[in-house]
Each structure stands twice: as structure tokens, then as C-alpha cells.
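Chains, contacts and geometry: an overview
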Amino acid sequence: MEVFLIVLFFSLVMVAALPSWLMWLLAARYLPSRYVMPPNRMALFSTMLSLVTALLLKVELEGGAFAAILFLLVFSVLWTVALIPICALIKYIFLIKKT
């Protein structure tokens, strides 16, 4: 039974990371190639940042573990929205310094 719950929770975390992953894929498709970051790695990074944010805010959700999935979904999207322009700007600055 515990294995089933762990697999269920892990799959729900992956579903919560899906919008973040799609946003990184769209950024990789529509940004110029020199500003592209690897979508899989950055989606995982956004999801991990949302987990860290939840731990730092000491989120106590009344809905239990399944309400945490919604929190991860919202914060992974927020981190993605913040990180896409930041990463592009950092790459732009470092590319200017190289040339």
C-alpha cells in the first residue's frame, strides 16, 4: 500500500511539473538558439525551486498531500515565468562579454 501511495504522489508531482515543462519547451522553440536553456533540466529546476519554496514557507495545507500538488503546480509555473527571462538575460550578458 505504501508503494502505491509513493508512486501515486510521484506521478502527481510529475503532472504538476508538466505546465512548467511545456513552458520551457515553448521558450526553447521560440527563443533564438543562443538564448535557449535545456527544457528538461530547467523544468526540473523550477519544480525543485517550488519544493524548496514550500519547505521555506512551511506550507500547511488543509487538503493534505494532494493539496500540495496544486501548490507545486502554481509555484513551478511562477518560478518558470521568472526564470525564462532571467536565464535569457544572463545568457545575453555573457554573450556580449565574450564578443
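Preceding this section is the structure that the text describes.
On a predicted model such as this, the values are computed, not experimentally measured, just so you know.

Here we take up the packing of helix H1 (residues 2-30) against helix H2 (residues 39-56). Contact geometry of H1 with H2 gives a least axis separation of 8 Å together with a crossing angle of 135°. With respect to H2, the axis of H1 lies oblique. Where H1 crosses over H2, the handedness of that crossing is right-handed. Residues Val13, Ala17, Ser20, Trp21, Trp24, Leu25 and Ala28 of H1 form the contact with H2, whose own contacting residues are Pro39, Asn40, Met42, Ala43, Ser46 and Thr47. Of the residues in the contact of H1 with H2, the class split is nine nonpolar, four polar and no charged.

Moving on: H1. In this model, H1 (29 residues) spans 42 Å end to end at C-alpha, consistent with the 42 Å of a helix rising 1.5 Å per residue. Where H1 bends most, the angle comes to about 35°, and this point is Leu18, followed within four residues by the proline Pro19. Along H1, the residues that are buried comprise Val13, Ala16, Ala17, Ser20, Trp24 and Ala27.

Taken together, Leu18, Trp21, Leu22 and Leu25 make up a surface patch of nonpolar side chains, about 320 Å² in accessible area. By the secondary structure assignment, Leu18 is in helix H1.

With eight residues, the main nonpolar core is built from Trp24, Ala27, Met42, Ala43, Leu49, Leu83, Ile84 and Cys87. Listing elements by their share of this core, those giving two or more residues are H1, H2 and helix H3 (65-98). The residues contacting Met42, other than those within four sequence positions of it, are Trp24, Met37 and Cys87.

So, on to the side chain of Ser20. By secondary structure assignment, the location of Ser20 is in helix H1. Classification of Ser20 as buried rests on a relative accessible area of 0%. Not counting residues up to four positions away in its chain, the partners in contact with Ser20 are Ala43, Ser46, Ser76, Val77 and Thr80.

Now for the side chain of Ser46. Position of Ser46 relative to the elements: it lies in helix H2. Only 3.3 Å separates the side chain of Ser46 from the side chain of Trp24, close enough to count as a polar contact. Dropping the residues within four chain positions of it, Ser46 is found in contact with Ser20, Trp24, Ser76, Trp79, Thr80 and Leu83.

Criteria and cut-off values
- Residues numbered from 1 in each chain as written.
- Predicted model: local features only at pLDDT ≥ 70, side-chain atom pairs only at ≥ 80, totals over all residues.
- Heavy atoms only, no water.
- Axes fitted to C-alpha atoms, helices over the stretch in contact; angles between N-to-C directions.
- Helix = DSSP H or I, 4+ residues; strand = E, 2+ residues; numbered from the N terminus.
- Parallel < 35°, antiparallel > 145°, perpendicular 65-115°, else oblique.
- Left-handed = near helix turned anticlockwise from the far one by under 90°.
- Contact = heavy atoms within 4.5 Å.
- Nonpolar A, V, L, I, M, F, W, Y, C, P; charged D, E, K, R; others polar.
- Expected span 1.5 Å × (residues − 1).
- Bend = angle between axes of the 7 residues up to and from the residue.
- Buried < 20%, exposed > 50% of the residue type's maximum accessible area, 1.4 Å probe, protein only.
- Patch = residues over 30% accessible without salt bridge, like charges linked within 9 Å, V, L, I, M, F, W, Y side chains within 5 Å.
- Areas by Shrake-Rupley, 256 points an atom, 1.4 Å probe, with all protein chains shown as cover.
- Salt bridge = Lys/Arg side-chain N within 4 Å of Asp/Glu carboxyl O.
- Core = buried A, V, L, I, M, F, W, Y, C linked by side-chain atoms within 4.5 Å.
- Polar contact = N/O pair within 3.5 Å; in protein donor to acceptor, adjacent residues only side chain to side chain.

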